Amino acid sequence: MLLLLLFVRIICPFCSCSEQDGPLHMYVPGDIIIGGLFPVHLQTNRTTICTGKYKDYQVMTFAIQEINQRTPKVLPNLTIGYDIYDTCGDVTFAIRATFGLLKDKFNSCFQPGDSNSTVPEPHAKVVIGERYSEVSVISYGSTSELLSKKRKFPTFLRTLSSDTYQTKAIAKLVEKFNWKIVSVVGSDDEYGKYGSEQLIDIFTEMDICIDFKKILPGDFSVDESKAHDKLEELMGLLRNSTAEAIILFTKGANVDVIMKAAIQNNLSRIWIGSDSWSTSTRIAEIKGIYKVGQVFGFISKRNEVPGFKDYKNSKNNCSLTKSQHGSKQCLDPRCLVNYIDQDESYNIYVAVKVIAEGLRQLLKCDSEKCGRNATFTALEEIKKVNFTVDTTHIFFDDNGDPSIGYDIVNWDMTESKVDIKTIGEYWPSGKIKLPDDLISKMCNVTVSCALGHELRKPENGCCKKCVPCHETSFSPGKGKCNLTNLKQGNHAHKLFFEIVGIVITILVTVLFAVHRNTPIVKAVGGYLSFLELFSLLACFCITFTFTAKPSTASCVAGLPLFGILFTLCISCILANLLQILVCFRFDQRKSAWLKRLNRPVAVVAVIFCAQLILCVLWLYYRPPIPKEVYHAKTILLQCEKGSKEFFGVMLGYNALLAFACFLFAFHGKLLPDLYKNASFITISMLLYLVIWIVFIPIYISMVGKYTRAIEAAAVLVSNYSILCCHLAPKCYIMLFRKEINSEQAITEYIRKHYKCCGGKELFSA
């Protein structure tokens with residue numbers, strides 16, 4: 001029966017059961033009982049064992065066994081027993097287990113706390129655990145500085161340093177590297193909030209500038225809707241930050257989200273990690289993690305538990321291959337030796353040794369016997385220990401914090417793997433040790449600005465910001481402007497074609513005004529021709545914005561305004577063509593719908609307003625703006641189109657109108673047109689379409705200072721195609737062919753045309 005109980009204890013110490021049965025526990029009797037609280041299962045339903053923590057309680061039992069079997073004995077004629085609970089990582093379970101250590105009775109295997117047993121009631125003198133919780137006497141994983149406040153937690157000790165020392169260690173690293181600007185990212189929980197606030201206080205005292213401080217919500221990593229907005233805001237801050245280092249003092253789940261976003265945004269920075277994620281294999285295995293830049297971190301002093309790995313190897317026979325270790329499937333407990341870490345496991349081992357040393361002093365033990373019995377309160381004596389465990393010297397200060405410091409780690413990252421190396425140490429006394437070559441390298445770290453910008457301290461702040469260089473200087477992007485006296489590009493180059501176009505348009509307008517009552521002006525559209533001339537004049541004036549120095553006003557008045565005005569011009573031509581077709585259309589079936597369209601003002605207004613609304617939306621949502629484009633030795637100031645979609649629709653709308661004019665004009669050539677109006681419109685619209693078809697691929701592929709020149713050329717050719725092909729021939733008739741600029745000449749031409757055609761209906765089906 002005894003062998004059966006021993007077998008059950010070894011093979012199945014944590015038996016899965018339902019939450020309603022209460023916390024599971026393991027009890028081994030002894031003269032002095034040490035309690036243990038460990039999150040063996042991940043959830044309270046105990047469906048999944050936490051592989052990394054399953055071995056923690058085994059480290060405790062190994063250390064106790066080592067003390068009991070040591071020769072000479074640490075506690076002669078006394079045996080240490082243990083009473084270990086599975087808290088499932090739940091604070092409620094941890095509290096219930098703590099009460100259970102005071103009153104419950106247990107079997108020799110982990111069983112529910114209300115189980116009936118004949119085992120004598122234990123009296124736990126000290127409790128080790130719970131990870132990340134204040135429910136313990138000696139903790140191996142809780143770092144919160146609040147636990148150092150003895151008025152609130154008078155019985156709390158720990159075998160790793162508090163966040164107070166961690167923040168001092170981070171500040172010391174920043175000082176050692178001679179960095180002057182940092183950014184701090186924390187979280188709205190006990191760990192991240194107090195840690196980040198203490199960092200801010202320390203940096204303020206050290207006169208180190210805080211570029212920004214960002215406190216993430218406590219549920220940042222689980223609330224996707226909240227995380228998205230906060231993450232976008234954080235990425236914006238990081239992109240514009242001039243900090244030499246970004247400190248992430250928050251839990252690993254939050255850092256996982258941040259790092260993935262940094263990879264997507266191509267952010268390469270220097271990161272300083274707190275002990276919650278500095279050695280996280282989950283974060284180190286993120287795809288593309290090497291792209292985020294350089295990572296430094298702090299972790300409680302790491303060491304192997306002496307003899308534990310050999311002990312587990314001798315007891316178990318692991319059959320898993322190395323490739324299986326990363327599997328998310330349930331793992332054979334015999335293979336847990338492969339998951340032993342060097343920080344928490346060692347902290348548990350040290351905790352047991354500290355208890356044993358405190359008991360040895362309290363009970364006045366020598367190599368043969370102990371002078372007192374086992375009825376005592378051990379806490380006060382444990383606080384007084386001052387001895388060496390393996391290579392670690394340990395004692396506690398008045399706050400119950402140990403003398404154990406931190407290892408400083410650096411992530412050596414390549415595309416294929418991440419190797420987390422220990423590169424230095426920090427002690428609570430304030431001493432820090434780092435390689436001299438690394439210090440020299442990090443002291444020369446400079447923040448790069450965009451081309452044409454330099455780092456400069458603003459008048460109302462302490463942190464340097466990237467600001468544009470002076471007009472007569474230039475920066476290649478290394479944070480400093482050089483006085484190179486760069487010559488500004490000559491934007492006021494030849495304006496001959498613009499001026500000539502304006503002069504000709506004005507002269508044509510005057511000539512049309514003088515002959516406004518003649519048949520040829522009426523044939524062109526009458527009062528619509530003056531609206532057409534006005535739009536052409538405005539389009540010629542707009543070309544100055546393409547050749548001038550780009551500004552917000554010139555960018556807005558460029559292509560969007562041209563699109564609106566040229567639409568007005570084409571709509572006038574289209575309305576005029578509809579009038580001609582209606583006048584000479586004799587097919588009653590097809591002319592009915594044309595007559596309904598014979599409302600020139602309405603046609604122009606509808607067509608014009610559609611383009612106007614489109615361009616207003618363009619200017620409202622994503623308008624063209626001036627943008628500096630930096631090259632090796634030049635700064636090019638040009639207009640960014642803003643929305644490519646609106647730009648394309650604007651051009652497409654005008655092209656559609658021009659094509660409609662082309663079709664109407666082409667068919668109109670069959671009509672009796674004395675002034676060849678339809679023929680000239682056909683040519684002008686064809687030119688417009690060809691110009692913009694050629695313009696688009698050139699415009700897309702063209703970069704640099706010639707982009708605006710291409711735009712101006714396309715606008716000028718479009719204007720001249722209307723002016724020269726459509727309106728100039730009418731001016732020739734007014735000046736040199738006055739004899740055909742009469743109603744009699746038109747009537748005679750129409751009579752001869754139909755006589756020649758034999759009276760047949762034109763433009764019929």
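Residues numbered from 1 in each chain as written. Predicted model: local features only at pLDDT ≥ 70, side-chain atom pairs only at ≥ 80, totals over all residues. Heavy atoms only, no water.

For clarity, the threshold we go by: UniProt positions are given in the numbering used here, feature names are shortened, and annotations may be inferred rather than shown by experiment.
The protein chain appears in an unreviewed UniProt entry as G-protein coupled receptors family 3 profile domain-containing protein from Myripristis murdjan. Recorded in UniProt under Subcellular location (unreviewed entry), the annotation for the protein chain is "Cell membrane".

### Observations concerning the packing of helix α13 (residues 496-514) against helix α22 (residues 706-736)
Put simply, the rule reads: Axis definition: a line fitted to C-alpha atoms, limited for helices to the stretch in contact. Angles are taken between N-to-C directions and run from 0 to 180 degrees. Each helix corresponds to a stretch of at least 4 residues labelled H or I by DSSP, and each strand to a stretch of at least 2 residues labelled E; elements are numbered beginning at the N terminus. With the far helix as reference, a near helix turned anticlockwise by less than a right angle produces a left-handed crossing, and one turned clockwise produces a right-handed crossing. Note on contacts: a residue pair is in contact if any heavy atoms of the two residues lie within 4.5 Å. Only Asp, Glu, Lys and Arg are considered charged, only Ala, Val, Leu, Ile, Met, Phe, Trp, Tyr, Cys and Pro nonpolar, and every remaining residue, Gly among them, polar.
The geometry of α13 relative to α22 is characterised by a closest axis approach of 10 Å and an angle of 35° between their N-to-C directions. Here the hand of the crossing between α13 and α22 comes out left-handed. Of the residues in α22, those touching α13 at Phe497, Glu498, Val500, Gly501, Ile504, Thr505, Val508, Leu511 and Phe512 are Leu716, Tyr720, Leu723, Leu727, Lys730, Cys731, Met734 and Leu735. Looking at the contact of α13 with α22, its residues break down into 13 nonpolar, two polar and two charged.

### Considering the pairing of strand β10 (residues 245-248)
Filter applied, for reference: Each residue gets one of three labels from its accessible area relative to the maximum for its type: buried under 20%, exposed over 50%, partly exposed in between, using a 1.4 Å probe on protein chains only. Criterion used throughout: strands pair if DSSP finds at least two bridges between them. Classification remark: right-handed applies to a crossover when, strands pointing away from the viewer, the course from the first strand over the helix to the second runs clockwise.
Of the two faces of β10, the one lined by Ala245 and Ile247 and the one lined by Ile246 and Leu248 are each fully buried. Where β10 meets strand β11 (residues 269-273), three bridges bridge the pair, whose relative direction is parallel. Its bridge partner being in β11, isoleucine 247 is matched across the sheet by isoleucine 272. Between the parallel pair β10 and β11, the chain is carried across by helix α7 (residues 252-264), and the sense of this crossover is right-handed.

### Comments concerning the pattern of salt bridges
This is how it is decided: Each reported salt bridge corresponds to a side-chain nitrogen of Lys or Arg within 4 Å of a carboxyl oxygen of Asp or Glu.
Summed over the entire model, instances satisfying the criterion amount to 10 salt bridges. Among the salt bridges present, the one from lysine 260 reaches aspartate 256, with a minimum N-O distance of 3.2 Å. With lysine 260 and aspartate 256 both in helix α7 and four residues apart, this pair spans about one turn of that helix. You can call lysine 260 partly exposed: its relative accessible area is 41%. Taken together, the salt bridges that share partners define one network made up of Asp256, Lys260 and Arg282.

### Notes on unusual backbone geometry
Backbone geometry at asparagine 266 places phi at a positive 55°, although glycine is not the residue there. Assignment of secondary structure puts asparagine 266 in the loop between α7 and β11. Residue classification places asparagine 266 among the exposed residues on the basis of a relative accessible area of 65%. Of note in this structure, lysine 364 is not a glycine but carries a positive phi near 55°. Positionally, lysine 364 belongs in the loop between α10 (344-362) and α11 (379-382). The class for lysine 364 is exposed, based on a relative accessible area of 61%.

### Quick word on a nonpolar patch on the surface
Convention followed: A residue counts toward a patch only above 30% relative accessible area and without a salt bridge, and it is joined to like-charged neighbours within 9 Å or, for Val, Leu, Ile, Met, Phe, Trp and Tyr, to nonpolar neighbours within 5 Å. Areas reported as accessible are Shrake-Rupley estimates using a 1.4 Å probe. Residue values count occlusion only from the protein chains shown.
On the surface, Ile613, Leu617, Tyr620 and Tyr621 cluster together into a nonpolar patch covering about 490 Å² of accessible area. Mapped onto the elements of the fold, tyrosine 621 is located in helix α19 (residues 600-621). The exposed category is assigned to tyrosine 621, whose relative accessible area is 56%.

### Digging into the state of the cysteines
The line we're drawing: Two cysteine sulfurs form a disulfide in these notes if their separation is within 2.5 Å.
Throughout the structure, instances matching the rule amount to three disulfides. Disulfide pairing is shown between cysteine 209 and cysteine 463; the S-S distance is 1.8 Å. Disulfide cysteine 209 to cysteine 463: torsion about the S-S bond roughly -110°, handedness left-handed. With a gap of 254 residues between them, cysteine 209 in strand β9 (residues 209-216) and cysteine 463 in the loop between β18 (453-456) and β19 (465-468) connect regions that are remote in the sequence. Each of the two residues, cysteine 209 as well as cysteine 463, counts as buried. With a sulfur-sulfur separation of 1.9 Å, cysteine 365 is cross-linked through a disulfide to cysteine 370. As the torsion about the S-S bond is roughly 105°, the cysteine 365-cysteine 370 disulfide counts as right-handed. Both residues of the pair, cysteine 365 and cysteine 370, count as buried. Summary of cysteine pairing: cysteine 541 is not part of a disulfide, and the nearest cysteine sulfur, belonging to cysteine 539, is at 9.2 Å.

### Brief notes about the UniProt feature "transmembrane region" (unreviewed entry) in the protein chain
If you check UniProt for "transmembrane region" (unreviewed entry), the listed places come out as residues 495-514, 526-547, 559-581, 601-621, 646-666, 678-700 and 706-728 in our numbering. The distance separating the terminal C-alpha atoms of residues 646-666 is 30 Å; by composition the span is 100% helix and 0% strand. Across residues 706-728, the secondary structure splits into 100% helix and 0% strand, with the terminal C-alpha atoms separated by 30 Å.

### Notes on the nonpolar core
Keep this limit in mind: Take the buried Ala, Val, Leu, Ile, Met, Phe, Trp, Tyr and Cys residues and link them wherever side-chain atoms come within 4.5 Å; each set so joined is a nonpolar core.
The biggest cluster of nonpolar side chains holds 64 residues, and the ones touching the most others in it are Phe512, Ile573, Phe647, Met650, Met685 and Leu727. Elements represented by at least two residues in this core include exactly α13, α14 (519-524), α15 (527-547), α17 (559-583), α19, α20 (644-668), α21 (677-701) and α22. The greatest single-element share of this core, amounting to 14 residues, is contributed by α17. When sequence neighbours within four positions are dropped, the list of residues in contact with leucine 727 reads Val508, Phe512, Val524, Glu532, Leu533, Leu536 and Ile722. Formed by 50 residues, the second largest nonpolar core is a distinct cluster that contains Met60, Phe62, Ile84 and Leu157.

### Some thoughts on the confidence of the model for the protein chain
Quick reminder of the rule: You can read pLDDT as the predictor saying how much it trusts each residue, on a scale of 0 to 100.
Chain-level pLDDT for the protein chain is 78 on average; 76% of the residues reach the 70-or-more range. Every residue in residues 104-122 is under pLDDT 50, and counting partners more than four places away or in other chains gives 64 contacts. For the stretch residues 758-765, pLDDT sits under 50, and the model shows 16 contacts to residues farther than four places along the chain or on other chains.

### A short note on the packing of helix α4 (residues 163-176) against helix α5 (residues 190-205)
We apply this condition: Here the word oblique covers every angle except those under 35 degrees (roughly parallel), over 145 (roughly antiparallel) and from 65 to 115 (roughly perpendicular).
Contact pair α4 / α5: the axes reach a minimum separation of 9 Å and the direction vectors enclose 45°. In terms of axis orientation, α4 runs oblique to α5. Judged by the sense of rotation from one axis to the other, the crossing of α4 with α5 is right-handed. Between α4 and α5, the contacting residues are Asp163, Thr164, Gln166, Thr167, Lys168, Ile170, Ala171 and Val174 on the first element and Tyr191, Gly195, Gln198, Leu199, Ile202 and Phe203 on the second. Among the residues making up the contact of α4 with α5, the classes are represented as seven nonpolar, five polar and two charged.

### Things to note about the environment of phenylalanine 308
Turning to its location among the elements, phenylalanine 308 is positioned in helix α9 (residues 308-315). Judged by relative accessible area, phenylalanine 308 falls into the buried class, the value being 2%. Along the sequence, phenylalanine 308 and alanine 63 sit 245 residues apart, while their C-alpha atoms lie 8.6 Å from each other.

### Here's the deal with the side chain of threonine 164
You can see threonine 164 is positioned in helix α4. Ignoring any residue separated from it by four or fewer positions in sequence, one finds threonine 164 in contact with Glu145 and Gln198.

### Some remarks on the environment of phenylalanine 534
Tracing the chain through its elements places phenylalanine 534 in helix α15. The partly exposed category is assigned to phenylalanine 534, whose relative accessible area is 49%. In the structure, phenylalanine 534 is positioned 29 residues away from threonine 505 in sequence and 8.4 Å away in space, judged by C-alpha atoms.

### Quick word on the packing of aromatic side chains
Put simply, the rule reads: Aromatic contacts are taken between Phe, Tyr and Trp rings whose centres are within 6.5 Å, Trp giving its six-membered ring; a plane angle under 30 degrees counts as stacked, one over 60 as edge-to-face, and the others as tilted. Cation placement over rings: the criterion is NZ of Lys or CZ of Arg within 6 Å of the ring centroid and within 35° of the ring normal.
Per the counting criterion, the structure on display carries 18 aromatic pairs. On the numbers, 5.8 Å between centres and 25° between planes, the contact of phenylalanine 562 with tryptophan 692 is stacked. Here phenylalanine 562, found in helix α17, pairs with tryptophan 692, found in helix α21; they are 130 residues apart in sequence, far enough to count as distant. Take phenylalanine 562 and tryptophan 692: they sit in the same class, and that class is buried. Members of the aromatic cluster, connected to one another through ring pairs, are Phe562, Phe566, Tyr688 and Trp692. The ring of tryptophan 427 is capped by lysine 431, whose NZ or CZ atom sits 5.4 Å from the centre of that ring.

### Describing the pairing of strand β15 (residues 406-413)
Most of β15 sits out of view: seven of its eight residues are buried. Sheet analysis places strand β12 (residues 293-300) next to β15, joined by five bridges and oriented antiparallel. Within β15, the residue paired with phenylalanine 296 across the bridge is asparagine 410. Inspection of the sheet shows β15 paired to strand β16 (residues 418-426) by eight bridges, in the antiparallel sense.

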